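Okay, here's what each chain looks like letter by letter:
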Amino acid sequence: MKRMASIMRGILFVFALTCLTGCIDPDGENGTIIDSSSTEAGVRTKDLDNLTGDNLFYVSIMSNNSDDSNQNVQIDMLLDEGVMEREVWNGTDTTSTEVILTEEQCQELREQIVEYSYAVQDKEKDYWPQEDEYPEMEILFQYEIWFGNDEYYEEYRQNGALCYPDGWDAFVQKLLAY
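To keep things clear, this report deals only with the structure shown in the data block.

What counts as what
- Sequence order as written defines the numbering, with residues in each chain counted from 1.
- Local features in a predicted model are, by the rule used here, given only for residues with pLDDT of at least 70; side-chain atom pairs are given and counted only at 80 or more, and totals for whole chains, interfaces and linings are based on all residues.
- Just so you know, side-chain values use all the structure's heavy atoms and leave hydrogens and water out.
- Each residue is placed in one exposure class: buried if its accessible area under a 1.4 Å probe, protein chains only, is under 20% of its type's maximum, exposed if it is over 50%, and partly exposed if it falls in between.
- The helix and strand labels rest on DSSP assignments: H or I over at least four residues marks a helix, E over at least two residues marks a strand, and numbering proceeds from the N terminus.
- The arc in question is traced by the directions running from the helix axis to the C-beta atoms.
- In this analysis, two residues are considered to be in contact whenever any of their non-hydrogen atoms come within 4.5 Å of each other.
- A side-chain nitrogen of Lys or Arg and a carboxyl oxygen of Asp or Glu constitute a salt bridge if their distance falls within 4 Å.
- Counting rule for charge: Lys and Arg are taken as positive, Asp and Glu as negative, and neither His nor the chain ends is counted.
- Each polar contact in these results corresponds to two N or O atoms within 3.5 Å; when the atoms are within protein, one needs to be able to donate a hydrogen and the other to accept it, and residues that are neighboring in sequence are counted only if both atoms are side-chain atoms.
- What a helix should span is 1.5 Å times the count of its residues minus one.
- Each aromatic pair joins two rings of Phe, Tyr and Trp (for Trp, the six-membered one) with centres within 6.5 Å, and gets the label stacked for planes under 30 degrees apart, edge-to-face for over 60, and tilted for any other angle.
- Only buried residues count toward a nonpolar core, which is a set of Ala, Val, Leu, Ile, Met, Phe, Trp, Tyr and Cys residues joined through side-chain atoms within 4.5 Å.
- Paired strands, in this sense, are two strands between which DSSP finds at least two bridges.

### Some remarks on helix α3 (residues 168-176)
Then comes step 1: Listed in full, the buried residues belonging to α3 are W168, F171, V172, L175 and L176. Mapping the buried residues of α3 onto a view down its axis gives an arc of 140°, with all of them on the same face.
Then comes step 2: For α3, the elements touching its buried residues are β2 (56-63), β3 (72-78), β4 (83-89), α2 (103-122) and β6 (141-148).

Rendered as structure tokens:
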């Protein structure tokens, strides 16, 4: 599991750095990078009906400079293992930290993330232009959660270039406070 977590962190870090350089929506679907593709182990979904605090096990959040913040942030959480990795950079300096979370902190984070996931989902049509063609745009945020069990999981992803989800900066600051 630790090897998989290390590989996932590396892939997510490369993806975040790519996005910071200004890229277009990776799937070309007006920001909806969620599809019905599936594997034996899981499926991407845009349906959060099966999401609960008890089955949420992985969270990845990337935030590019917002109007209220002069920093870029990447946060990855393995809630089953109680580990949060944070990377904050402001263009010149990068700070990386690993935080070991207590079970109480993990449960508190699960509840906050489940609640916030619905706020992200509610505004999904606003994150990208709704035309077939639009100019190359910098991705402002990426939000990804994995939930389910050892045998089957669901993956919800969202990103955007036009705006952030409601309360994004406050949500990111809460996560950085751990």
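### What to know about the pattern of salt bridges
Then comes step 1: A complete count under the given rule lists five salt bridges for this structure.
Then comes step 2: Residues D80 and R110 are paired through a salt bridge, measuring 3.0 Å at the closest nitrogen-oxygen approach. With D80 in the loop between β3 and β4 and R110 in helix α2, the pair connects residues that are 30 residues apart, well separated along the chain.
Then comes step 3: Under the relative-accessibility criterion, R110 is labelled buried at 6%.
Then comes step 4: As a salt-bridge pair, E103 and R110 come within 3.6 Å of each other at their nearest N and O atoms.
Then comes step 5: Owing to a relative accessible area of 53%, E103 belongs among the exposed residues under this scheme.

### Considerations on the side chain of E124
Then comes step 1: Within the secondary structure, E124 is located in the loop between α2 and β6.
Then comes step 2: An unpaired buried charge is present at E124: no salt bridge exists, and K125, the closest side chain of opposite charge, is 5.1 Å distant.
Then comes step 3: At a separation of 3.5 Å, a polar atom in the side chain of E124 contacts the side chain of Q158.
Then comes step 4: For E124, the residues in contact, after removing those within four places along its chain, are K46, Y156 and Q158.

### Thoughts on the environment of R157
Then comes step 1: Here R157 shows up in strand β7 (residues 153-160).
Then comes step 2: Here R157 falls in the partly exposed class, since its relative accessible area comes to 21%.
Then comes step 3: The spacing of R157 and K46 is 111 residues in sequence and 7.7 Å in space, taken between C-alpha atoms.

### Looking at α2
Then comes step 1: In this model α2 runs 29 Å from its N-terminal to its C-terminal C-alpha over 20 residues, within 8% of the 28 Å that 1.5 Å per residue would give.
Then comes step 2: Of the surrounding secondary structure, the elements contacted by the buried residues of α2 are β2, β3, β4, β6, β7 and α3.

### With respect to the packing of aromatic side chains
Think of a pair of aromatic rings as described by two things: how far the centres are apart, and how the planes are tilted against each other in angle.
Then comes step 1: Evaluated as defined, the whole model comprises 14 aromatic pairs.
Then comes step 2: One aromatic cluster is present, built from ring pairs that chain together Y116, Y127, F141, Y143, Y164, W168 and F171.

### Concerning the nonpolar core
Then comes step 1: Core analysis: the biggest nonpolar cluster contains 38 residues, and L56, M77, L109, I113, Y143 and I145 have the highest contact counts within it.
Then comes step 2: Secondary structure elements with two or more residues in this core: β2, β3, α2, β6 and α3.
Then comes step 3: The biggest single contributor to this core is α2, with six residues.
Then comes step 4: Not counting residues within four places of it along the chain, the set of residues in contact with L109 comprises M77, L79, M84, L101, L175 and Y178.
Then comes step 5: With five residues, the next largest nonpolar core counts F57, Y58, L78 and W146 among its residues.

### Regarding the pairing of β4
Then comes step 1: With five of seven residues buried, β4 lies mostly within the body of the structure.
Then comes step 2: Following β3, the chain reverses through four residues before pairing antiparallel with β4; G82 in that reversal takes a positive phi of roughly 70°.
Then comes step 3: Of the pairings in the sheet, the one linking β4 to strand β5 (residues 94-100) comprises seven bridges and is antiparallel in character. By the bridge assignment, M84 is partnered in β5 with V99.
Then comes step 4: Linking two consecutive strands that pair antiparallel, namely β4 and β5, is a turn of four residues; a positive phi of about 105° is found at G91 within it.

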